[in-house]
Amino acid sequence: MKKIGKFFFAALMSLSMLFSLSVSTYADNTDNYAAASAETAEKTEKKPNVLIIVLASVGGGALVALIYTGTLKAKLKSVHTANQAKNYIVNGSLNISVSRDIYLYRKVERREKQSNQQ
């Protein structure tokens, strides 16, 4: 919006300079235009506050993340924690007839226990 205002002001200054243009006053009008443009630029020039921009960016990102994770959490209504695994096994479906442990590697280290008796 500020750029449009600056452009509009510059256009008005150019038009006013063209209407009042004559051979003898060309240099005067050019100087007046340059002075008015510099003065307007000084009045309207503001330095951006970096802290506010950074805080707004982080806050906006956090808001988007909260909304997104909230929608994902809302889809997980059927999920709940269970203390035991009995809900995962149907009664009578698990039949263990042979029980043994099979290891891929075997490494046995034996050390004698040290006793405190002397």
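Definitions and limits used
Residues numbered from 1 in each chain as written. Predicted model: local features only at pLDDT ≥ 70, side-chain atom pairs only at ≥ 80, totals over all residues. Heavy atoms only, no water. Helix = DSSP H or I, 4+ residues; strand = E, 2+ residues; numbered from the N terminus. Buried < 20%, exposed > 50% of the residue type's maximum accessible area, 1.4 Å probe, protein only. Areas by Shrake-Rupley, 256 points an atom, 1.4 Å probe, with all protein chains shown as cover. Salt bridge = Lys/Arg side-chain N within 4 Å of Asp/Glu carboxyl O. pLDDT = per-residue confidence, 0-100. Patch = residues over 30% accessible without salt bridge, like charges linked within 9 Å, V, L, I, M, F, W, Y side chains within 5 Å.

### Re the overall build of the protein chain
Of regular secondary structure, the protein chain possesses 3 helices and 0 strands. Seen in sequence order, the protein chain has helices and strands lined up from the N terminus as α-α-α. Within the span of the protein chain, comprising 118 residues, buried residues form 3% of the whole. Surface exposure of the protein chain reaches about 12400 Å², of which carbon and sulfur atoms provide 60%.

### Side note on the pattern of salt bridges
Taken as a whole, this structure holds 2 salt bridges when the rule is applied. With a closest N to O distance of 3.6 Å, Lys107 and Glu109 form a salt bridge. When its relative accessible area of 70% is taken as the criterion, Lys107 is described as exposed. Ionic pairing is found between Glu109 and Arg111, a salt bridge with its closest N-O pair at 3.6 Å. Residue Glu109 is classed as exposed on the basis of its relative accessible area, which comes to 54%. What makes Arg111 exposed here is its relative accessible area of 74%.

### Some points on the confidence of the model for the protein chain
The predicted model of the protein chain averages 76 in pLDDT, with 69% of residues at 70 or higher. Predicted confidence in the protein chain is weakest over helix 1 (residues 2–19), with a mean pLDDT of 66, and strongest over helix 3 (residues 50–74), with 93.

### Concerning a nonpolar patch on the surface
A cluster of nonpolar side chains, Tyr88, Ile89, Leu94 and Ile96, forms an exposed patch at the surface whose accessible area comes to about 500 Å². Residue Tyr88 is classed as exposed on the basis of its relative accessible area, which comes to 66%.

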